[in-house]
Amino acid sequence: MEVIFSNYSILIVDDNEINIMLLRVILEEERFRVYAATSAEEALAELATNEVDLILMDVMMPAVSGFELTEKLKSHERLRNIPIIFITELSSPEDIVKGFDIGGCDYITKPFNPPELIRRIKHQVSLIHSRNVIIEQKSSLQEALENRDQLYTSISHAIRSPISSLKMILN
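What counts, and where the lines are drawn
As a convention, each chain's residues are numbered from 1 in the sequence order in which they are written. A pLDDT threshold of at least 70 governs which residues receive local features in this predicted model, and a stricter bar of 80 or more applies before side-chain atom pairs are shown or counted, although totals over entire chains, interfaces and linings include all residues. Derived side-chain values reflect all non-hydrogen atoms in the structure, with water molecules and hydrogen atoms excluded from consideration. Note: two strands are recorded as paired if DSSP finds a minimum of 2 bridges between them. For helices the rule is a DSSP run of H or I covering at least 4 residues; for strands it is a run of E covering at least 2, with both sets numbered from the N terminus onward. To obtain each axis, a line is fitted to C-alpha atoms, and for helices this fit is confined to the stretch in contact; angles are then taken between N-to-C directions over 0 to 180 degrees. The contact rule is simple, with two residues in contact once any of their heavy atoms fall within 4.5 Å. Only one rule defines a salt bridge in this text: a Lys or Arg side-chain nitrogen within 4 Å of an Asp or Glu carboxyl oxygen. When a residue's accessible area, from a 1.4 Å probe over protein chains only, is under 20% of the maximum for its type it is buried; when over 50% it is exposed; and in between it is partly exposed. The patch calculation keeps residues exceeding 30% relative accessible area without a salt bridge and links them within 9 Å when they carry like charges or within 5 Å when they are nonpolar (Val, Leu, Ile, Met, Phe, Trp, Tyr). Every accessible area reported is derived by Shrake-Rupley at a probe size of 1.4 Å, with residue values counting cover from the shown protein chains alone. Angular relationships are summarised with four words: roughly parallel below 35 degrees, roughly antiparallel beyond 145, roughly perpendicular across 65 to 115, and oblique for the angles in between. When the near helix sits turned anticlockwise from the far one by under a right angle, the crossing is termed left-handed; a clockwise turn instead gives a right-handed crossing. Three classes are used, and their members are as follows: Ala, Val, Leu, Ile, Met, Phe, Trp, Tyr, Cys and Pro are nonpolar, Asp, Glu, Lys and Arg are charged, and the others, Gly among them, are polar.

Caption draft 1: Local environment of the sheet that holds strand β1 (residues 9-13). Spatially, β2-β1-β3-β4-β5 is the arrangement adopted by the five strands of the open sheet, whose pairing is parallel. At either margin of the open sheet sits one strand with a lone partner, and together these are β2 (33-37) and β5 (106-109). Strand-to-strand twist in this sheet, taken as the mean axis angle between neighbours without regard to direction, amounts to 20°. Along the sheet, helix α1 (residues 17-29) contacts β1, β2, β3 (54-57) and β4 (84-88); its crossing angle with β2, the most-contacted strand, is approximately 170°.

Caption draft 2: Here's a closer look at the pattern of salt bridges. The tally for this structure, following the rule as stated, stands at nine salt bridges. In this structure, lysine 110 and aspartate 14 form a salt bridge, with 3.0 Å as the shortest nitrogen-oxygen distance. Separated by 96 residues along the polypeptide, lysine 110 in the loop between β5 and α5 (114-170) and aspartate 14 in the loop between β1 and α1 bring together distant segments of the chain. Overall, the relative accessible area of 17% leaves lysine 110 in the buried class. Residue class for aspartate 14 comes out buried when judged on its relative accessible area of 2%. Taking the shortest distance from any N to any O, the salt bridge between arginine 78 and glutamate 51 comes out at 3.8 Å. Linking arginine 78 in the loop between α3 (66-74) and β4 with glutamate 51 in the loop between α2 (40-49) and β3, this pair joins segments that are 27 residues apart in sequence. Where salt bridges share partners, they join Asp14, Asp58 and Lys110 into one cluster.

Caption draft 3: Geometry of the environment of glutamate 2. Note on placement: glutamate 2 falls in the segment before β1. On the accessibility criterion, glutamate 2 (69% relative accessible area) is exposed. Spatially, the C-alpha atom of glutamate 2 lies 8.9 Å from that of serine 126, the residues being 124 residues apart in sequence.

Caption draft 4: Seen up close, a nonpolar patch on the surface. Taken together, Leu151, Tyr152, Ile155, Ile159 and Ile163 make up a surface patch of nonpolar side chains, about 480 Å² in accessible area. One can find leucine 151 in helix α5. Of the residues examined, leucine 151 reaches a relative accessible area of 47% and is grouped as partly exposed.

Caption draft 5: A look at the packing of α2 against α3. Orientation of α2 relative to α3, taken along the N-to-C sense of each, is 30°, at an axis distance of 11 Å. Between α2 and α3, the angle falls in the class roughly parallel. Note on packing geometry: the crossing formed by α2 with α3 is right-handed. Of the residues in α3, those in contact with Ala40, Ala43, Leu44 and Leu47 of α2 are Leu69, Lys72 and Leu73. Tallied by class, residues from the contact of α2 with α3 come to six nonpolar, no polar and one charged.

This is the structure:
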């Protein structure tokens, strides 16, 4: 099962333009579609207009922190299942645990190692891809079960009349 990374989009949320540019270059080199936002408001606007598969979230941002934005996203029905990877300078165990507790799927401290970052992102995208395949297979199986039930209903109806006739003749 090969994952085509160009089919997946990533939203970078970071108040530092240099970080956004660096991440954009790294991700586009791997053929991901990339969107960027420098604030929570911009991130929400991007999410309203674009389908995003993964979010790279800075924590320390002015006005609304990445943790606060994550809590808001996780409370929204349409956005709650988007995986969020925190990329931040906060490295205390308490911050890392808080990131996972509020719904983050991974936590990377700055400065990050680009090959490690790519591996972590590709791992998350592979999980997304696997989930999508499972959902498609479940739908196909559900359809097959419904078709089977319709077939059994048709067969039982077609056989019922002749069997009833034979039963009456034999009685």
